[in-house]
Amino acid sequence: MTTTPRTSPLTTDIPEFPHPRSSACPFGVSAEMRALRDRGPVSRVKSWGESTPWVVTRHAEQKALLGDPRLSADFAQPGFPSPVAPQSVGDHKTDMSFVGMDDPEHARLRRMVSGVFTMKRIEAMRPLVQRITDDFIDTMLAGPKPADLVQSFALPIPSLVISELLGVPYEDHEFFQTNSKTIVSSHATAAARHAAHTHLAEYLDDLVERKSSEPGEDLLSQLAGRVEDGELTRGQAATMGVLLLLGGHETTANMITLGTLLLLEHPDQLATIRDTDNPRVIANAVEELLRYLSIVHLGRRRTALEDIEVAGQTIKAGDGVILLSELANRDPDVFIEPDTLDITRDARSHLAFGAGTHHCVGQPLARMELQVIYPTLFRRIPTLRTAVDVAEVPFKYDAVIYGVHELPVTW
């Protein structure tokens with residue numbers, strides 16, 4: 001006699017997990033995603049084989065759950081809603097270090113890197129980011145037209161900045177950019193993503209070993225010191241390096257390009273960013289772009305450790321949960337006319353960086369880089385425009401981190 005698993009109830013009216021974007025509305029959310037929101041704040045979806053995790057769509061419930069210790073971020077938990085099973089490479093787990101852990105171990109490891117991302121330290125880097133931005137603009141202006149904004153500007157700037165912070169040789173940027181791209185591609189096979197993670201982990205492992213004998217004033221040297229003191233294994237230090245290297249350039253690069261394209265489509269709001277000398281106006285505009293674009297796909301995923309009541313539904317222990325920030329960030333109960341870009345609105349309550357103990361550790365760096373890059377680009381090149389129609393731009397519908405593969409621009 002066969003029985004239906006508790007986590008797979010009758011699924012006749014359970015929709016497939018929707019793709020968040022569509023060519024019909026590349027800057028918004030897909031019609032399927034909107035339909036999921038219309039089903040209610042908490043509902044089931046079919047996802048990744050036999051899995052039917054819960055999806056949470058509203059801002060209030062998401063923010064509460066992101067701070068709820070009854071939800072686990074451990075990728076290895078039974079019922080965790082993941083398209084691939086966690087694997088190991090030597091002692092490098094593909095759980096992306098503390099991102100896939102719960103407290104207290106999550107907090108212990110996170111503290112080892114969080115000190116580098118304090119507001120004071122990040123603000124001290126602002127002149128460096130300004131110089132780097134100006135240098136790449138100079139190079140782009142001296143080169144041929146049209147230029148690909150991704151390769152000539154958006155990707156190299158955060159790559160160089162995170163390289164400086166971590167102590168990674170920037171001359172290796174093609175290697176780590178290529179492997180990072182594979183890791184975040186939803187079209188790459190599990191074996192390809194695993195291999196890419198292995199390449200990066202082994203590369204960072206070698207760097208940590210080198211920093212042990214030749215330390216510098218960088219984060220990898222600090223982690224190497226903790227390995228020497230017995231607080232970390234070298235594998236843990238390397239995997240933390242993978243997380244920070246990937247997150248430090250891939251997400252910011254996509255925000256730079258996608259945000260630039262969006263603002264070129266809204267010239268009045270672009271002009272406000274270009275013409276103001278008020279840093280608060282720029283900071284506010286960045287928050288709205290983060291809210292509006294919500295570039296992290298597949299949601300923040302968790303497993304319930306015990307029964308949780310959410311919006312009248314009981315999420316049972318062992319059930320998977322997906323928290324969709326792209327819907328929370330367009331919740332009309334929180335943001336008036338949420339589908340309208342308005343850089344003057346107060347968008348600071350967005351969940352683009354998550355919330356709770358697992359909020360993005362590098363968010364101060366990302367914010368500062370965007371605050372420098374957008375106004376500098378539009379002031380230095382006031383006639384910047386796309387060299388192709390938006391319909392011809394290759395958006396990253398195939399990636400976990402949304403953006404564009406290339407953006408031809410001219411001036």
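Our subject is the structure listed above.
Note that the structure is a prediction, hence the values are computed from the model and not measured. (Residues numbered from 1 in each chain as written. Predicted model: local features only at pLDDT ≥ 70, side-chain atom pairs only at ≥ 80, totals over all residues. Heavy atoms only, no water.)

(A) Representation of the pairing of strand β7 (residues 300–304). Along β7, five of the five residues are buried, which leaves the element largely enclosed by surrounding structure. What you see with β7 is no split at all: Arg 300, Arg 302 and Ala 304 on one side and Arg 301 and Thr 303 on the other are buried throughout. Two elements, strand β3 (residues 71–72) and β7, share two bridges in a ladder whose sense is antiparallel. Bridging from a neighbouring strand, Ser 72 pairs with Thr 303 of β7. One ladder, built from four bridges, connects β7 with strand β10 (residues 320–323); its direction is antiparallel. From the neighbouring strand, Arg 301 faces β10, where its bridge partner is Ile 322. (Buried < 20%, exposed > 50% of the residue type's maximum accessible area, 1.4 Å probe, protein only. Helix = DSSP H or I, 4+ residues; strand = E, 2+ residues; numbered from the N terminus. Pairing = 2+ DSSP bridges.)

(B) Molecular detail of the environment of Arg 193. As for its position among the elements, Arg 193 is in helix α9 (residues 190–213). With relative accessibility at 17%, the residue Arg 193 sits in the buried group. C-alpha of Arg 193 to C-alpha of Ser 180: the two residues are 13 residues apart in sequence and 8.9 Å apart in space.

(C) How the structure looks around the sheet that holds strand β1 (residues 42–44). What the five strands build is an open sheet, ordered β1-β2-β10-β7-β3; its pairing is mixed. Every other strand in the sheet has two partners, leaving β1 and β3 as the edge strands with one partner each.

(D) Highlighting the pattern of salt bridges. Enumeration over the complete set of coordinates arrives at 20 salt bridges. For Arg 226, the salt bridge is made with Glu 231, and the minimal N-O distance between the two is 2.8 Å. Note on Arg 226: relative accessible area 26%, which makes it partly exposed. Judged by relative accessible area, which is 33%, Glu 231 ranks as partly exposed. Connected via shared salt-bridge partners are Arg 34, Arg 330 and Asp 339. (Salt bridge = Lys/Arg side-chain N within 4 Å of Asp/Glu carboxyl O.)

(E) Region of interest: the pairing of β10. Going residue by residue along β10, you find Gly 320 and Ile 322 tucked away on one face and Val 321 and Leu 323 tucked away on the opposite face as well. Taken together, the three bridges between strand β2 (residues 54–56) and β10 define a ladder with parallel strand orientation. Looking at β10, one finds that Trp 54 is bridged to Val 321.

(F) Spotlight on unusual backbone geometry. Along the chain, Asp 103 connects to Pro 104 via a cis peptide bond; the corresponding omega equals 10 degrees. Positionally, Pro 104 belongs in the loop between β5 (92–93) and α3 (105–114). With omega at -5 degrees, the peptide bond leading from Lys 145 into Pro 146 counts as cis. Counting through the fold element by element, Pro 146 comes out in the loop between α5 (126–142) and β6 (147–148). Backbone geometry at Ser 294 places phi at a positive 40 degrees, although glycine is not the residue there. Mapped onto the elements of the fold, Ser 294 is located in the loop between α13 (279–293) and β7. We note that Ala 311 has phi near 50 degrees; this positive angle belongs to a residue other than glycine. By the secondary structure assignment, Ala 311 is in the loop between β8 (308–310) and β9 (313–315). The partly exposed category is assigned to Ala 311, whose relative accessible area is 44%.

(G) Focus on the packing of α13 against helix α15 (residues 363–380). Where α13 contacts α15, the axes come no closer than 9 Å and their chain directions differ by 110 degrees. Judged by the angle between their axes, α13 and α15 are roughly perpendicular. Of α15, the residues touching α13 (which contributes Ile 282, Ala 283, Val 286, Glu 287, Leu 289 and Leu 290) are Arg 367, Leu 370, Gln 371, Tyr 374 and Pro 375. The class makeup of the residues in the contact of α13 with α15 is eight nonpolar, one polar and two charged. (Axes fitted to C-alpha atoms, helices over the stretch in contact; angles between N-to-C directions. Parallel < 35°, antiparallel > 145°, perpendicular 65-115°, else oblique. Contact = heavy atoms within 4.5 Å. Nonpolar A, V, L, I, M, F, W, Y, C, P; charged D, E, K, R; others polar.)

(H) Structural context of the packing of aromatic side chains. Scanning the entire structure with this criterion turns up six aromatic pairs. For the ring pair Tyr 397 and Tyr 402, a centre distance of 6.1 Å and an interplane angle of 40 degrees mean the geometry is tilted. Exposure remark for Tyr 397: the relative accessible area of 28% places this residue in the partly exposed category. Take Tyr 402: its relative accessible area is 0%, and that puts it in the buried class. The ring of Phe 335 is capped by Arg 291, whose NZ or CZ atom sits 5.2 Å from the centre of that ring. Stacked on the ring of Tyr 292, the Lys or Arg Arg 330 has its end atom at 4.2 Å from the ring centre. (Phe/Tyr/Trp six-rings, centres within 6.5 Å; stacked < 30°, edge-to-face > 60°. Lys NZ or Arg CZ within 6 Å of the ring centre and 35° of its normal.)

In short, geometric facts, not functional conclusions.
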